[in-house]
Amino acid sequence: SSDLSNNIAEGFERMSTAQLLSFLETARGSAGEVRSMVAVVIKRPRLSAFFQQLSTIRSLAESCSKQIGVWMMSIERSPVKGKRPPHCRSFQIALT
């Protein structure tokens, strides 16, 4: 879901660790929504030909959720609290 990556990006651009955590929490919820949607559609007989692809999507969403959870725990344990320094808020996307 694009919602998941958009929430991560928006949270990363925020000024504080609390805001970042809030957006990561929302992103993790979006991964749960993807798993929920897959659980509903995977049972439909007309989509049985896509069972493997849907199972892969469900697994990827679960993996994203776990990774976001670990990232959140890392942030919560970090000594950096409150406003994050500017170098922690910017990143560059490499286009290859």
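Structure: above.
Residues numbered from 1 in each chain as written. Predicted model: local features only at pLDDT ≥ 70, side-chain atom pairs only at ≥ 80, totals over all residues. Heavy atoms only, no water.

**Q** Looking at this structure, I do not really get the overall build of the chain. What am I missing?
**A** Within the chain one finds three helices and zero strands. Ordered by position from the N terminus, the helices and strands of the chain form the series α-α-α. Across the chain, the fraction of contacts at a sequence separation of at least 24, relative to all contacts at a separation of at least 6, is 68%. Split by element, the accessible area of the chain, about 6800 Å² in all, is 59% carbon and sulfur. (Helix = DSSP H or I, 4+ residues; strand = E, 2+ residues; numbered from the N terminus. Contact = heavy atoms within 4.5 Å. Areas by Shrake-Rupley, 256 points an atom, 1.4 Å probe, with all protein chains shown as cover.)

**Q** Would you mind showing me how to read helix α1 (residues 2–13) here?
**A** The α-helix winds at 3.6 residues per turn, so residues separated by three or four positions along the chain end up facing the same way. An ideal rise of 1.5 Å per residue puts 16 Å on 12 residues; α1 measures up with 17 Å between its terminal C-alpha atoms. Within α1, burial applies to Leu 4, Asn 7, Gly 11 and Phe 12. Projected onto a plane normal to the axis of α1, the buried residues spread over an arc of 130° and lie on a single side. Packing partners of the buried residues in α1 comprise α2 (17–41) and α3 (51–77). (Expected span 1.5 Å × (residues − 1). Buried < 20%, exposed > 50% of the residue type's maximum accessible area, 1.4 Å probe, protein only. Arc of directions from axis to C-beta.)

**Q** Explanation requested: the side chain of Ser 65 in the structure shown.
**A** The residue Ser 65 is located in helix α3 in this model. Sequence-distant contacts of Ser 65, defined by excluding residues within four places in its chain, comprise Arg 28, Ala 31 and Arg 35.

**Q** Just to check I follow, could you spell out the packing of α2 against α3 for this structure?
**A** Helix packing geometry: the angle between the two helix axes and the distance between the axes. Here α2 crosses α3 at 160°, and the two axes come no closer than 9 Å. Judged by the inter-axis angle, α2 sits roughly antiparallel to α3. Crossing handedness for the pair α2 and α3: left-handed. Residues Thr 17, Leu 20, Leu 21, Leu 24, Glu 25, Ala 27, Arg 28, Ala 31, Val 34, Arg 35, Val 38 and Val 41 of α2 form the contact with α3, whose participating residues are Leu 54, Ile 57, Arg 58, Ala 61, Glu 62, Ser 65, Ile 68, Gly 69, Trp 71, Met 72, Ile 75 and Glu 76. (Axes fitted to C-alpha atoms, helices over the stretch in contact; angles between N-to-C directions. Parallel < 35°, antiparallel > 145°, perpendicular 65-115°, else oblique. Left-handed = near helix turned anticlockwise from the far one by under 90°.)

**Q** Can you walk me through the pattern of salt bridges in this structure?
**A** Side chains that carry opposite charge are capable of pairing whenever their charged atoms lie near each other. One pass over the full model with this rule turns up two salt bridges. In this structure, Arg 14 engages Glu 10 in a salt bridge whose closest nitrogen and oxygen atoms are separated by 2.6 Å. Residue classification places Arg 14 among the partly exposed residues on the basis of a relative accessible area of 29%. When the shortest N-O distance is used, the salt bridge between Lys 66 and Glu 62 registers 3.4 Å. You can see Lys 66 and its partner Glu 62 sitting in helix α3, four residues apart, about one turn around the helix. Under the relative-accessibility criterion, Glu 62 is labelled partly exposed at 36%. (Salt bridge = Lys/Arg side-chain N within 4 Å of Asp/Glu carboxyl O.)

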